[in-house]
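Residue-level structure breakdown
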Amino acid sequence: MWQRELVRAAVRGGGAGSPRAASVAAASQLRRVLESQLEDIRGSGTWKNERVIASRQGPHLRLAAGGDGLSSHPEVIRASVEALEKFGAGLSSVRFICGTQSIHKDLEEKIARFHQREDAILYASCFDANAGIFEALLTPEDAVLSDELNHASIIDGIRLCKANKYRYKHMDMEDLEAKLQDAQKHRLRLVATDGAFSMDGDIAPLREICQLAQKYDALVFIDECHATGFLGPNGRGTDELLGVMDKVTIINSTLGKALGGAAGGYTTGPKPLIDLLRQRSRPYLFSNSLPPAVVGCASKALHLLMESNAIAQSMAAKTQRFRSKMTAAGFTISGKDHPICPVMLGDARLAAVMAEDMLNRGIYVIGFSYPVVPKGKARIRVQISAVHSDEDIDRCVEAFTEVGRKHGALP
């Protein structure tokens, strides 16, 4: 009896050598380590504050406590409400059990038609789509060749598969060709690249990539999260922009940016591939289906894009206006012809201070620094939206010029 009481006392944590005392010591050590790391981040000027928005997304917004695409379009919002009322808030399950509704199939058919592909499959996000495709498609007999600056979700997806992995220098076609030559010993060869790279706003040389793929019997995969809905004559993306829609095998993209702005992603390509993903893709098999309201938003956004190319055309004009005016003011804008317009500053602290000063002038922009971008490559990323007016763009350029001169970024 007394031994049992002694054990109970020890578990209650009285003694210095008790499990509870040990766990408190470990937790205290963890806190000290984390606080030291956080202080280093603050000291380096790379601390990232999350601004709380107290209004819907749009060209003008309100922050709490004093770049969308079609997310605020009234028809998109109405479609979301109608889908919510008709189909409910969600399915409480995965697709193959009881999570597939007619609107899911309709949206997949519309995505395939928009991209001029055979079939499509929906995911909770494009991160999930990228996590699900490489493992299901590629085996140890195959090879994947990835641009070194691909999005983190592509990198993580490739890590999950057992294919032979090659990484080629960013948009370097000589290096890609050398890697393709080395990969000839493998069964399938898949070149994977972002269509448009989100940090720098540059566009992959898809014509050259497709030429090399044809020369070495390889397949081409592109992530179009930063292209779908606004690049190309009809907003279909970089493959349309560069005239290689018939040469790109697989497209992954998002419904969470230009196409409704809520959530969701997809893969579109050959029907046998989509059929395989429905059977083998783990993020698809083990994630709840997209909520009907999200599906309704995305479906209406695609309908608007396929009905008229006016939105895509206006985006190109507004992007050109901002880039040309900022360049004339003396700023360096990374990338080319993309509505993601990184204003390159180099110094992390300068990017953070200027972004905060821009906010004080009523312009919502974000400073990017390490580890989001490499050290010495800090910038303020500006995203042009279809709902920005020419007056909005001009006011932004004026504010940048004032703030740049104030902080020594401009003479």
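Predicted, not measured: the structure shown is a model, and the values here were computed from it. (Residues numbered from 1 in each chain as written. Predicted model: local features only at pLDDT ≥ 70, side-chain atom pairs only at ≥ 80, totals over all residues. Heavy atoms only, no water.)

We now examine the overall build of the protein chain. Within the protein chain one finds 16 helices and ten strands. Carbon together with sulfur atoms contributes 53% to the accessible area of the protein chain, which is approximately 20,200 Å² in total. (Helix = DSSP H or I, 4+ residues; strand = E, 2+ residues; numbered from the N terminus. Areas by Shrake-Rupley, 256 points an atom, 1.4 Å probe, with all protein chains shown as cover.)

Here the focus is the sheet that holds strand 8 (residues 340–346). Here three strands make up an open sheet; going across it, the order is 8-10-9 and the pairing antiparallel. In this open sheet, the two edge strands, each paired with only one partner strand, are strand 8 and strand 9 (366–368). Adjacent strand axes in the sheet meet at a mean angle of 30 degrees when their direction is disregarded. Sheet analysis places strand 9 next to strand 10 (residues 378–383), joined by three bridges and oriented antiparallel. Looking at strand 10, one finds that Gly-367 is bridged to Ile-380. (Pairing = 2+ DSSP bridges. Axes fitted to C-alpha atoms, helices over the stretch in contact; angles between N-to-C directions.)

Moving on to the packing of aromatic side chains. Under the defined criterion, the tally for this structure stands at three aromatic pairs. The aromatic ring of Tyr-370 is capped on one face by Lys-375, whose charged end is 4.8 Å from the ring centroid. (Phe/Tyr/Trp six-rings, centres within 6.5 Å; stacked < 30°, edge-to-face > 60°. Lys NZ or Arg CZ within 6 Å of the ring centre and 35° of its normal.)

With mixed pairing, the seven strands of this open sheet are ordered in space as 1-7-6-5-4-2-3. Whereas interior strands pair on both sides, the edge strands pair on one side only; in this sheet they are strand 1 (119–123) and strand 3 (164–168). Strand-to-strand twist in this sheet, taken as the mean axis angle between neighbours without regard to direction, amounts to 20 degrees. Here five bridges tie strand 4 (residues 189–194) to strand 5 (residues 219–223), and the two strands are oriented parallel to one another.

Per-residue pLDDT for the protein chain averages 87, and the proportion of residues at 70 or more is 86%. In the model, residues 1–13 has pLDDT below 50 throughout and makes six contacts with residues more than four positions away in sequence or in other chains. Counting contacts from residues 63–68, a segment whose pLDDT is below 50, to residues more than four positions away or on other chains yields 16 contacts. (pLDDT = per-residue confidence, 0-100. Contact = heavy atoms within 4.5 Å.)

Attention now moves to unusual backbone geometry. Of all residues except glycine, most have a negative phi; of all peptide bonds, most are trans. In this chain, Tyr-370 is followed by Pro-371 through a cis amide linkage whose omega measures 10 degrees. Tracing the sequence through the fold places Pro-371 in the loop between strand 9 and strand 10. One non-glycine residue with positive phi stands out, namely Asp-217, at about 55 degrees. By the element assignment, Asp-217 lies in the loop between helix 9 (206–215) and strand 5. For Asp-337, which is not a glycine, the phi torsion comes out positive at approximately 55 degrees. Structurally, the position occupied by Asp-337 is in the loop between helix 14 (310–329) and strand 8. Take Asp-337: its relative accessible area is 44%, and that puts it in the partly exposed class. (Buried < 20%, exposed > 50% of the residue type's maximum accessible area, 1.4 Å probe, protein only.)

The tally for this structure, following the rule as stated, stands at 21 salt bridges. Note that Glu-109 and Arg-113 form a salt bridge whose closest N and O atoms lie 3.0 Å from each other. One end of the pair, Glu-109, and the other, Arg-113, are both in helix 5 (residues 102–115), four residues apart, so they sit about a helical turn from each other. Look at Glu-109 and you get partly exposed, because its relative accessible area is 42%. A salt bridge links Asp-200 to Arg-379, with the shortest nitrogen-to-oxygen separation between them at 3.2 Å. With Asp-200 in the loop between strand 4 and helix 9 and Arg-379 in strand 10, the pair connects residues that are 179 residues apart, well separated along the chain. Among the residues examined, Arg-379 registers a relative accessible area of 2% and is labelled buried. Residues participating in the shared-partner salt-bridge network are Arg-95, Lys-105, Glu-108 and Arg-278. (Salt bridge = Lys/Arg side-chain N within 4 Å of Asp/Glu carboxyl O.)

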